[in-house]
Amino acid sequence: MSPKHFLLLFFFLFCFSCFPSHARFITGRPSPTDLVSDGISTVKNPPYLLLKPLVSAEESCEQTYGFLPCTTTVLGNLFLIIVYGSLMFLAATYLSNGSELLLEILGPGIVGGLFLPILGALPDAMLILVSGLSGTTETAQSQVSVGMGLLSGSTVMLITVIWGSCVIVGRCDLRDSVAVDETNTKGFSLTETGVSTDIWTCYAARIMAISVIPFIIVQLPQLLDSTSARRLAVLIALIVSASMLVSYCLYQVFQPWIQRRRLAFVKHKHVISGILRHLKKRALGRLLTDDGEPNTEIIKKLFDTIDENHDGGLSPSELKALIIGIRFEEIDLDQDDAVRKVMADFDTSLDSLVQEGEFLKGITKWINEAKQTGGAHLEPDSGTFKLFDQFHQQTKREHNLLGSEEQSDEVVEGVENPRWISFKAALMLLLGTLIAAAFADPLVDAVDNFSDATSIPSFFISFIALPLATNSSEAVTAIIFATRKKKRTASLTFSELYGAVTMNNVLCLSVFLALVYIRGLTWDFSSEVLVILIVCLVMGAFASFRTTFPLWTCSVAYFFYPFSLALVYVLDYVFGWS
């Protein structure tokens, strides 16, 4: 069946289910005979069975908005959950695609740092909002567990199941503890295959771990068994969560600029290490004295060698010739920019010439910097020292950790029809927002009714089912990105996963805490908070201090998903925490 025919059938079934159904129920009466009334003829004696007058099915459940279908049966509510969940998935897809189009037009910064994270968390925030706005305070208290189930379920699913799946599909051969791009000759080796990320991904994991602070604050009165401080703790946690949301958005806005500055600094260190190694070779390793100090006489001779016209000063063209001769093949170096930075380091007189004394001071400063970075101890190596080689290797590691220039120096390329792209992006964002706003409440009602029909706590239903609807778009995008088997795409994939969890912990939690505080609801989610804390802190610490993840690490991530469900069940229904 083609997708178009499937959508038509889906729309027909959905419209058909919107019509109310009617039925008559059979009731028992005492009768001396075994006759059954046909419902039309009347007899003297009351029949054994009668059909009640027509009643509507909606009298036994409350229709959302007064016209959307509802039911009290298990299969009926399961069907509604699938329908409304599919619509929420559609909303998430529209929001994701519209955000990407907007990013294509406007580029990173405000759009990439502010709008994209918020729009990605919008379906979850909508569901949490409507779960606490429904009906009376008692009804809201009953349905708010759906919001908490969605919040914890989304967080756990993203950094367990999706995280582990990305490691599996993105695995490459590991060489010197670093994944080799687009190379997988060792199959499913648990220790010799894996993925590598850059240092910015580690920062994203640390931010994710820090974002659980509001959960700890709101949980403190529970730990101290203080009922009077619970409402105050909710307010403080709300303020902290909102502040962290603003701070995180600002960080996302300025992060590309910070990343470019860091990369520019490391590129300059590449130039320094390259020039020092080049000078060491030309000085036959005698650039340092036996006690490790700069060899002044040798440096002056090197100055005379570089000064081609022997005018007593090095011009920018002579420095550029030096840099071109070194051949920096490991980085995409802007030679003119490198010359400007070398001049800024050496030319203290600002006369656009590097005099012999300035050259001596500049090289001495670079050597001292190499000592601090490459290590103060010097090891003999055929009459020379390994200092500059160590400095060069350290600089290479820093550059690899920061990632490629493609990822940081993002340039918005021209698009053929920016007006149409902008209109299409705005339409997708509007449509996604409207669908999410319209069908969040019916989905929460369907989950609540399904919970009543099956006697399964609504938390577990929302923990398992709802994240599949609201986070499927992010999950599919992350896995597709990971299949490209490159360090750059792996870094983007895991950074987006950590960022989505962070937005859950600040934006969605802020909405949740605002509902609890404004409507005077009871915060009674100790086991759910404990699950979020354990998963975020363990996975955050795990990803904060390493950039390479062998294949065996996916088993750790997968373990935490069933562990989280089992922990909530044991704490709530065995130890009675809730």
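Heads up: the structure comes first, above all this text.
Bear in mind the structure is a predicted one, so any value in this text is a computation, not a measurement.

Rules of the game
- Residues numbered from 1 in each chain as written.
- Predicted model: local features only at pLDDT ≥ 70, side-chain atom pairs only at ≥ 80, totals over all residues.
- Heavy atoms only, no water.
- Salt bridge = Lys/Arg side-chain N within 4 Å of Asp/Glu carboxyl O.
- Helix = DSSP H or I, 4+ residues; strand = E, 2+ residues; numbered from the N terminus.
- Buried < 20%, exposed > 50% of the residue type's maximum accessible area, 1.4 Å probe, protein only.
- Pairing = 2+ DSSP bridges.
- Phe/Tyr/Trp six-rings, centres within 6.5 Å; stacked < 30°, edge-to-face > 60°.
- Core = buried A, V, L, I, M, F, W, Y, C linked by side-chain atoms within 4.5 Å.
- Contact = heavy atoms within 4.5 Å.
- Axes fitted to C-alpha atoms, helices over the stretch in contact; angles between N-to-C directions.
- Parallel < 35°, antiparallel > 145°, perpendicular 65-115°, else oblique.
- Nonpolar A, V, L, I, M, F, W, Y, C, P; charged D, E, K, R; others polar.

1. Comments concerning the pattern of salt bridges
Thought 1: By the definition in use, this model includes two salt bridges.
Thought 2: Here K486 makes a salt bridge to E182, at a shortest N to O gap of 3.9 Å. Separated by 304 residues along the polypeptide, K486 in the loop between α17 (472-482) and α18 (487-518) and E182 in the loop between β6 (178-179) and β7 (193-196) bring together distant segments of the chain.
Thought 3: Here E182 falls in the exposed class, since its relative accessible area comes to 55%.
Thought 4: One salt bridge connects E192 with K186, and the closest N-O pair in it is separated by 3.9 Å.
Thought 5: The partly exposed category is assigned to E192, whose relative accessible area is 39%.

2. Quick look at the sheet that holds β6
Thought 1: Strand order across the open sheet formed by four strands is β6-β5-β7-β12, with antiparallel pairing between neighbours. Single-partner strands in this sheet number two, and they are β6 and β12 (548-550).
Thought 2: Taken together, the three bridges between β7 and β12 define a ladder with antiparallel strand orientation. Paired with G194 across the two strands is P550, which belongs to β12.

3. A few points about the packing of aromatic side chains
Thought 1: Counted according to the given criterion, the structure contains 22 aromatic pairs.
Thought 2: Aromatic side chains F459 and F460 sit 5.3 Å apart centroid to centroid with 80° between the ring planes, which places their arrangement in the edge-to-face category. There is no split in this pair, since F459 and F460 are both buried.
Thought 3: Between F559 and F560, the ring centres sit 5.6 Å apart and the planes meet at 65°, which makes this aromatic pair edge-to-face.
Thought 4: The class for F559 is partly exposed, based on a relative accessible area of 48%.
Thought 5: For F560, a relative accessible area of 9% translates into the label buried.

4. So, the nonpolar core
Thought 1: Among the nonpolar cores identified, the biggest contains 107 residues, and Y84, W163, F494, Y498 and W523 are the most heavily contacted of them.
Thought 2: Element by element, the count of residues in this core is highest for α18, at 16 residues.
Thought 3: Residues in contact with Y498, not counting those within four places in the same chain, are I159, W163, T201, A204, A205, M208 and A543.
Thought 4: The next biggest cluster of nonpolar side chains, apart from the first, holds 26 residues, and it includes L279, V354, I367 and A370.

5. What about the packing of helix α4 (residues 137-169) against α18?
Helix packing geometry: the angle between the two helix axes and the distance between the axes.
Thought 1: Interhelical geometry of α4 versus α18 gives an angle of 170° and a closest axis separation of 10 Å. Our classification of the angle between α4 and α18 gives roughly antiparallel. Together, V144, G147, M148, L151, S154, T155, L158, I159, I162, W163, C166 and V167 of α4 and T493, F494, L497, Y498, A500, V501, N504, N505, C508, L509 and F512 of α18 make up the contact between the two elements.
Thought 2: By residue class, the composition of the contact of α4 with α18 is 17 nonpolar, six polar and no charged.

6. Quick notes on the pairing of strand β5 (residues 172-175)
Thought 1: As judged from the two bridges shared by β5 and β7, these two strands associate in the antiparallel manner. In the strand pairing of β7, D173 is matched with T193.
Thought 2: Pairing of β5 with β6, which is carried by two bridges, proceeds in the antiparallel orientation. By the bridge assignment, L174 is partnered in β6 with A179.

7. Some thoughts on the environment of Y65
Thought 1: Relative to the assigned elements, Y65 resides in the loop between β4 (55-56) and α2 (74-106).
Thought 2: According to the relative accessible area criterion, Y65 is partly exposed, its value standing at 46%.
Thought 3: Each C-alpha atom of the pair Y65 and P442 lies 8.5 Å from the other, and the pair is 377 residues apart in sequence.
Thought 4: Among residues more than four places away in sequence, those in contact with Y65 are A437, A438, D441 and P442.

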